[in-house]
Amino acid sequence: MPTERVAVRGSERKAPADSSVIGIADPKEQVSATVVIRRRSSELPPPGSRPITRSRFAELYGADPSDVEQIEQFAADYDLTVGRIDLSRRSILLRGTVAKVNEAFGTQLRVFQSPDGTYRGRTGELYIPSYLADIVIGVFGLDARPQARARFRRHTEVVGPRAAGDTSYTPPAVATLYSFPTAGNGSGQTIAVIELGGGYSASDLSAYFSSLNVSPAPSVTAVSVDGASNQPVGDPNSADGEVLLDIEVVGAIASGAKIAVYFAPNTDQGFLDAITTAVHDNVRQPSIVSISWGGAESTWTAQSLTAYDQAFQDAGLLGVTVCCASGDDGSADNVSDGAAHVDFPASSPNVLACGGTRLESSGGKISTEVVWNDGAGNGASGGGVSDHFALPAWQAGANVPVSVNPAHFKGRGVPDVAGDADPATGYQIEVDGQDAVFGGTSAVAPLWAALIALINAQLGKPVGFLNATLYAKGTSALRDITQGNNGAYQAGSGWDACTGLGTPSGQALLTALMGK
């Protein structure tokens with residue numbers, strides 16, 4: 001079996017600063033890995049092109065069966081078992097013992113201790129036979145460290161004196177303030193919600209939607225990915241808070257849409273598998289995906305950034321809009337190195353990145369709206385300039401500055417749009433039998449997902465990848481937010497790295513899209 005070996009591009013893992021090695025992984029422990037391989041064609045239509053069907057997608061842009069055969073031969077050479085093969089997702093599941101995986105991928109799996117507990121992990125690069133170098137995009141699942149964090153903030157977590165104008169809203173009240181379309185309820189649409197922990201109870205949802213007189217209650221289905229499932233832990237401050245916030249914001253506004261909640265482990269493998277499972281789901285066929293989990297770009301491997309971004313490209317080709325929270329820790333994104341950071345997956349140029357504002361109202365109208373920034377430690381709208389993804393063509397006219405970091409990279413600007421996110425002007429929800437008020441950009445991703453469901457239903461077709469259209473129209477169908485900052489970046493007229501193009505003016509956006 002001797003053959004020349006090469007590193008998997010972008011596979012290098014660094015040891016987290018807050019973790020330490022406490023041993024080697026049990027050589028007999030069973031490991032599963034998702035191997036993502038290249039598309040059969042690298043020639044893609046431009047963003048915003050007419051969507052294709054999921055069945056047609058597999059034929060045009062799925063994996064080439066001959067490439068799959070190469071992976072199967074590799075697995076046989078190293079006594080790995082081949083599990084699920086999905087040509088559309090370009091995903092092949094391999095299983096084997098730690099000892100076999102170490103040999104196959106030229107690594108050494110160890111056990112790490114972190115503040116979140118112990119996990120199996122690795123450092124350095126992965127290696128594969130040279131004949132697979134151009135085939136393999138990434139290998140995920142060998143390292144099981146927690147990959148992402150939820151982007152919600154509970155009102156009680158904010159410390160210090162309360163400001164004048166502090167209040168809370170039901171999701172329908174926020175939708176009214178933002179002039180969401182009132183004809184229809186999103187019927188015919190399916191919204192996929194990605195969750196990496198926690199769960200919901202039917203009793204919480206029933207009580208909540210009943211309290212808002214939403215009848216019939218939205219249809220909510222839990223979908224298991226990689227063995228994870230709907231498992232509420234009974235603590236509103238846990239991932240349960242994220243799950244209920246997402247479902248209740250979406251369901252209260254677009255009550256006629258079906259909601260599919262994809263539960264996956266919080267690893268680079270689980271998160272990716274949840275996204276690709278939702279995007280390529282032939283049964284539920286989501287037209288929108290809402291993601292409220294993420295982490296600073298610097299905490300991801302380059303292979304993850306590539307594979308996730310390609311999954312979001314797939315979504316655009318299928319007419320699926322992906323809404324991602326831009327983060328709750330301002331321009332630093334919870335990294336204490338003194339540099340500016342943007343959150344991923346919001347920094348992918350193939351998603352709609354959703355930032356945050358503080359929303360005050362009077363007499364049923366917006367009275368004041370500024371960048372959400374509650375000060376150090378209390379949360380602020382994530383945003384800035386990517387250090388990885390280049391400035392996309394559709395953002396070229398938005399006056400995105402170069403990164404404030406020393407390299408001054410001319411990258412993708414984050415976010416694209418915004419919405420109410422300040423917990424002090426947050427959303428009334430119910431979690432684990434308790435009434436609570438939540439904010440964070442975690443609320444803005446499902447808010448925009450619900451708006452797009454309403455728009456899709458009115459248009460009779462999915463808007464799909466929306467960014468190019470939004471930037472072409474500028475702030476004409478949005479509320480431009482010109483006051484405030486998120487640390488390194490200041491709001492101003494037009495696009496800015498705090499709130500993007502602005503917050504929704506729903507009916508105006510629908511009208512603009514009708515003329516598209």
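Anything mentioned here points back to the structure above.
Residue positions are given per chain, counted from 1 along the sequence in the order it is written. In keeping with the model being predicted, local features are shown solely for residues with a pLDDT of at least 70 and side-chain atom pairs are shown and tallied solely at 80 or more, while totals for entire chains, interfaces and linings include all residues. The side-chain numbers reported here are obtained from all heavy atoms of the structure, hydrogens and water having been left aside.

Visitor: Can you lay out the nonpolar core for me, pointing to particular residues and giving the numbers?
Guide: The nonpolar side chains of soluble globular proteins are, as a tendency, buried together. The nonpolar core is taken to be a set of buried Ala, Val, Leu, Ile, Met, Phe, Trp, Tyr and Cys residues, with the residues joined through side-chain atoms within 4.5 Å. Note on exposure labels: buried denotes an accessible area under 20% of the residue type's maximum, exposed denotes more than 50%, and partly exposed covers the range between, all computed with a 1.4 Å probe on protein chains only. Core analysis: the largest hydrophobic core is formed by 78 residues, its most contacted members being C323 and W448. Runs of E in the DSSP output that reach at least two residues are strands. Runs of H or I that reach at least four are helices, and both are numbered from the N terminus. Of all the elements, helix α9 (residues 441-459) adds the most residues to this core, at 12 residues. Beyond its immediate stretch of four places on either side in the chain, C323 contacts I288, V289, S290, I291, L352, C354, A445, W448, A449 and I452. The next biggest cluster of nonpolar side chains, apart from the first, holds 43 residues, and it includes A192, A315, C324 and A346. Should any heavy atoms of two residues lie within 4.5 Å, those residues are considered in contact.

Visitor: Which residues make up helix α2 (residues 65-77), and what values go with them?
Guide: Expected span of a helix, by definition, is 1.5 Å for each gap between consecutive residues, and there is one gap fewer than residues. With 13 residues, α2 should cover 18 Å at 1.5 Å per step; its first-to-last C-alpha distance of 19 Å lies within 8% of that length. Buried within α2 are the following residues: D67, V68, I71, F74 and A75. Take α2 and look down its axis: the buried residues cluster within an arc of 115°, on one side only. Turning to α2, the residues buried within the fold contact β3 (30-37), β4 (81-86), β5 (91-97), α3 (98-105), β8 (127-129) and β9 (136-140). Phi turns positive, to about 55°, at D79, one or two residues after α2. Here, the arc refers to the directions that run from the helix axis to the C-beta atoms.

Visitor: I'd like a rundown of the sheet that holds strand β6 (residues 110-114), residues and numbers included.
Guide: Pairing between two strands requires that DSSP report at least two bridges joining them. An order of β2-β6-β7 is seen for the 3 strands of this open sheet, with the pairing classed as antiparallel. Since the sheet does not close on itself, it has two edges, and those belong to β2 (20-24) and β7 (117-121), each with one partner. The sheet shows a mean angle of 35° between the axes of neighbouring strands, direction not considered. Bridge count for β2 against β6 is 4 bridges, and the pairing is antiparallel. When the bridges of β6 are listed, S20 appears paired with Q113. For every element, the axis is a line fit to its C-alpha atoms; helices are fit only across the contacting stretch, and the angle between N-to-C directions ranges from 0 to 180 degrees.

Visitor: Can you explain unusual backbone geometry? Please cite residues and give values.
Guide: Of the consecutive residues F344 and P345, the connecting peptide bond is found in the cis state with omega at 20°. With respect to the helices and strands, P345 occurs in the loop between β19 (343-344) and β20 (352-362). With an omega of 0°, the peptide bond between V414 and P415 qualifies as cis. For P415, the position within the fold is in the loop between β23 (411-414) and β24 (417-420). Its identity is not glycine, yet D226 carries a phi of approximately 55°, on the positive side. Structurally, the position occupied by D226 is in the loop between β14 (220-224) and α6 (239-253). Of note in this structure, H408 is not a glycine but carries a positive phi near 50°.

Visitor: Describe the pattern of salt bridges, with residues and values.
Guide: Salt bridge criterion: a side-chain nitrogen from Lys or Arg within 4 Å of a carboxyl oxygen from Asp or Glu. Per the stated rule, a full pass over the model turns up 19 salt bridges. Residue R120 is joined to E29 by a salt bridge in which the shortest nitrogen-to-oxygen separation is 2.9 Å. Highlighted residues: R120 in strand β7 and E29 in the loop between β2 and β3, separated in sequence by 91 residues. On the basis of relative accessible area, R120 is assigned to the buried category, the value being 14%. In this structure, R149 and D116 form a salt bridge, with 3.5 Å as the shortest nitrogen-oxygen distance. With R149 in strand β10 (residues 149-150) and D116 in the loop between β6 and β7, this residue pair connects regions lying 33 residues apart in the sequence. Salt bridges sharing common partners tie together R13, D143, R145 and D268.

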